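Now for the letters of each chain:
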Amino acid sequence: QVQLVESGGGSVKAGGSLRLSCAASGHTYSRRCMGWFRLAPGREREALAAIDTGAVSTYYTDSVKGRFTISQDNAKNMVYLQMNDLAPEDTATYYCAAVLERCSGDYWNRVGLYEYWGQGTQVNVSS
């Protein structure tokens, strides 16, 4: 079992930045793929980025490349999502997710892959 708790959401104006944090506890000694997703009203859950805790591999969806950066601090069992140049369309609930296996470039973005999810943190971007 892995427990995930997100934090760092809030309200910002367009062009602003936020850093989301995901604290993992429980089965944290296993290599895992950690992902960030978001869910906006009327839209499907969207994969944003993922990082392999046992490697330096990171993955991004095209819409956030160059604006969002995923990183980790394994000593603290933390994963972060730095979000820059935010736009109103980034408004959503952001979720951290984990699966106890390495990330794969072929399926890191599949919602069904992930076994564990946090409760989400809300991000609101105003114009």
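Refer to the structure presented above.
Here's what I pulled together on the structure shown here. No experiment lies behind these values; they were computed from the predicted model shown. (Residues numbered from 1 in each chain as written. Predicted model: local features only at pLDDT ≥ 70, side-chain atom pairs only at ≥ 80, totals over all residues. Heavy atoms only, no water.)

1. Let's talk about the pattern of salt bridges
Where charged atoms of side chains with opposite charge meet at close range, the side chains can pair. If you walk through the whole model with that rule in mind, you get 4 salt bridges. Notably, a salt bridge pairs glutamate 46 with arginine 38, separated by 2.8 Å at the nearest N-O pair. What makes arginine 38 buried here is its relative accessible area of 7%. Of the charged contacts, one joins aspartate 90 and arginine 38 as a salt bridge, the two residues approaching to 2.8 Å between their closest N and O atoms. With a gap of 52 residues between them, aspartate 90 in the loop between strand 8 (78-83) and strand 9 (92-99) and arginine 38 in strand 4 (residues 33-39) connect regions that are remote in the sequence. Classification of aspartate 90 by relative accessible area gives buried; the value is 1%. Several salt bridges share partner residues, and in doing so they unite Arg38, Glu46, Arg67 and Asp90 into one network. (Salt bridge = Lys/Arg side-chain N within 4 Å of Asp/Glu carboxyl O. Buried < 20%, exposed > 50% of the residue type's maximum accessible area, 1.4 Å probe, protein only. Helix = DSSP H or I, 4+ residues; strand = E, 2+ residues; numbered from the N terminus.)

2. Some points on the nonpolar core
Leu4, Met34, Trp36, Phe68, Leu81, Met83 and Tyr94 are the most contacted members of the largest nonpolar core, which totals 27 residues. Residue assignment for this core shows that the elements contributing at least two residues are strand 1 (2-7), strand 3 (18-26), strand 4, strand 5 (46-52), strand 7 (68-73), strand 8, strand 9 and strand 11 (121-126). Tyrosine 94 has contacts with Glu6, Leu20, Phe37, Arg38, Leu48, Phe68, Leu81, Met83, Gly120, Thr121 and Val123, leaving out every residue within four places of it along the chain. (Core = buried A, V, L, I, M, F, W, Y, C linked by side-chain atoms within 4.5 Å. Contact = heavy atoms within 4.5 Å.)

Nothing here speaks to function; it is all geometry.
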